[in-house]
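Chain by chain, the residues run as shown.
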Amino acid sequence: MTATKICALDELEVNQAVKVEIDGVAIALVRDAAGDVFAIGDTCTHGDISLSEGFVEGQTLECWAHGSMFSLTTGKPLSLPAYDPVPVYNVELIDGFIFVDPSVTVAV
């Protein structure tokens, strides 16, 4: 599989998460306050909730339902009740556009 063009970088709001789906894979796309873009699995490992509906705080995405915070860089939960990580996908910025390949996860 090749990387899929998602949107222009300027279309992604700072400190917001957006749900995108690529080939059936739900992904939370996040641009943090520093301007870095991350792509992590969109489903909370604790409660089958969409993480993109949660809150971006620094380099974490918090599940709105139960408060588990996931690292945007490692996918690991940083607070309970979740204890399993979500996948982290490789993000490429090419000519001002965001590309994500859901078949390529970042090893941490």
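Basis of the calculations
Residues numbered from 1 in each chain as written. Predicted model: local features only at pLDDT ≥ 70, side-chain atom pairs only at ≥ 80, totals over all residues. Heavy atoms only, no water. UniProt positions renumbered as here; feature names shortened; annotations may be inferred. Helix = DSSP H or I, 4+ residues; strand = E, 2+ residues; numbered from the N terminus. Buried < 20%, exposed > 50% of the residue type's maximum accessible area, 1.4 Å probe, protein only. Pairing = 2+ DSSP bridges. Axes fitted to C-alpha atoms, helices over the stretch in contact; angles between N-to-C directions. Lys, Arg positive; Asp, Glu negative; His and termini not counted. Salt bridge = Lys/Arg side-chain N within 4 Å of Asp/Glu carboxyl O. Polar contact = N/O pair within 3.5 Å; in protein donor to acceptor, adjacent residues only side chain to side chain. Contact = heavy atoms within 4.5 Å.

As recorded in an unreviewed UniProt entry, the protein goes by Non-heme iron oxygenase ferredoxin subunit and comes from Cryobacterium gelidum.

An account of the UniProt feature "domain: Rieske" (unreviewed entry) in the protein is requested, with residue identities and associated values reported.
Per the UniProt record, "domain: Rieske" (unreviewed entry) is found at residues 4-100. Counted over residues 4-100, helix gives 0% and strand 45%. Its end C-alpha atoms are 5 Å apart.

So what's going on with unusual backbone geometry? Residues and values would help.
In the segment running from leucine 80 into proline 81, the intervening peptide bond is cis, with an omega of 15 degrees. Note on placement: proline 81 falls in the loop between strand E7 (69-71) and strand E8 (88-94). Not every positive phi belongs to a glycine, and aspartate 23 is a case in point at roughly 50 degrees. Along the chain, the position of aspartate 23 falls in the loop between strand E2 (16-22) and strand E3 (25-31). Residue classification places aspartate 23 among the exposed residues on the basis of a relative accessible area of 60%. One non-glycine residue, aspartate 48, adopts positive backbone phi at about 55 degrees. Relative to the assigned elements, aspartate 48 resides in the loop between strand E4 (37-41) and strand E5 (55-57). On the basis of relative accessible area, aspartate 48 is assigned to the exposed category, the value being 63%.

Break down the sheet that holds E7 for me, with residues and values.
In a beta sheet, neighbouring strands pair by backbone hydrogen bonds and run either parallel or antiparallel. The three strands are arranged E5-E6-E7 in an open sheet whose pairing can be described as antiparallel. Strands at the two margins of the open sheet, each flanked by one partner only, are E5 and E7. On average, each strand axis in the sheet is inclined to that of its neighbour by 30 degrees, with strand direction left out of account. With three bridges joining them, strand E6 (residues 60-62) and E7 adopt antiparallel strand pairing. In the strand pairing of E7, threonine 60 is matched with serine 71.

Tell me about the side chain of aspartate 32, residues and numbers included.
Looking at the element boundaries, aspartate 32 is found in the loop between E3 and E4. Lacking a salt bridge, the buried aspartate 32 has arginine 31 as its closest oppositely charged neighbour, with an N-O distance of 6.9 Å. Separated by 3.0 Å, the side chain of aspartate 32 and the backbone nitrogen of alanine 34 make a polar contact. In this structure, aspartate 32 is in contact with Val14, Asn15, Phe38, Gly58 and Gln59, ignoring residues within four places of it in sequence.

I'd like a rundown of the environment of histidine 66, residues and numbers included.
By the secondary structure assignment, histidine 66 is in the loop between E6 and E7. Taking the C-alpha atoms as reference, histidine 66 lies 20 Å from valine 30; in sequence the two are 36 residues apart. Setting aside residues up to four positions removed in sequence, histidine 66 forms contacts with His46, Leu80 and Pro81. There is a polar contact of 3.3 Å between the side chain of histidine 66 and the side chain of histidine 46.

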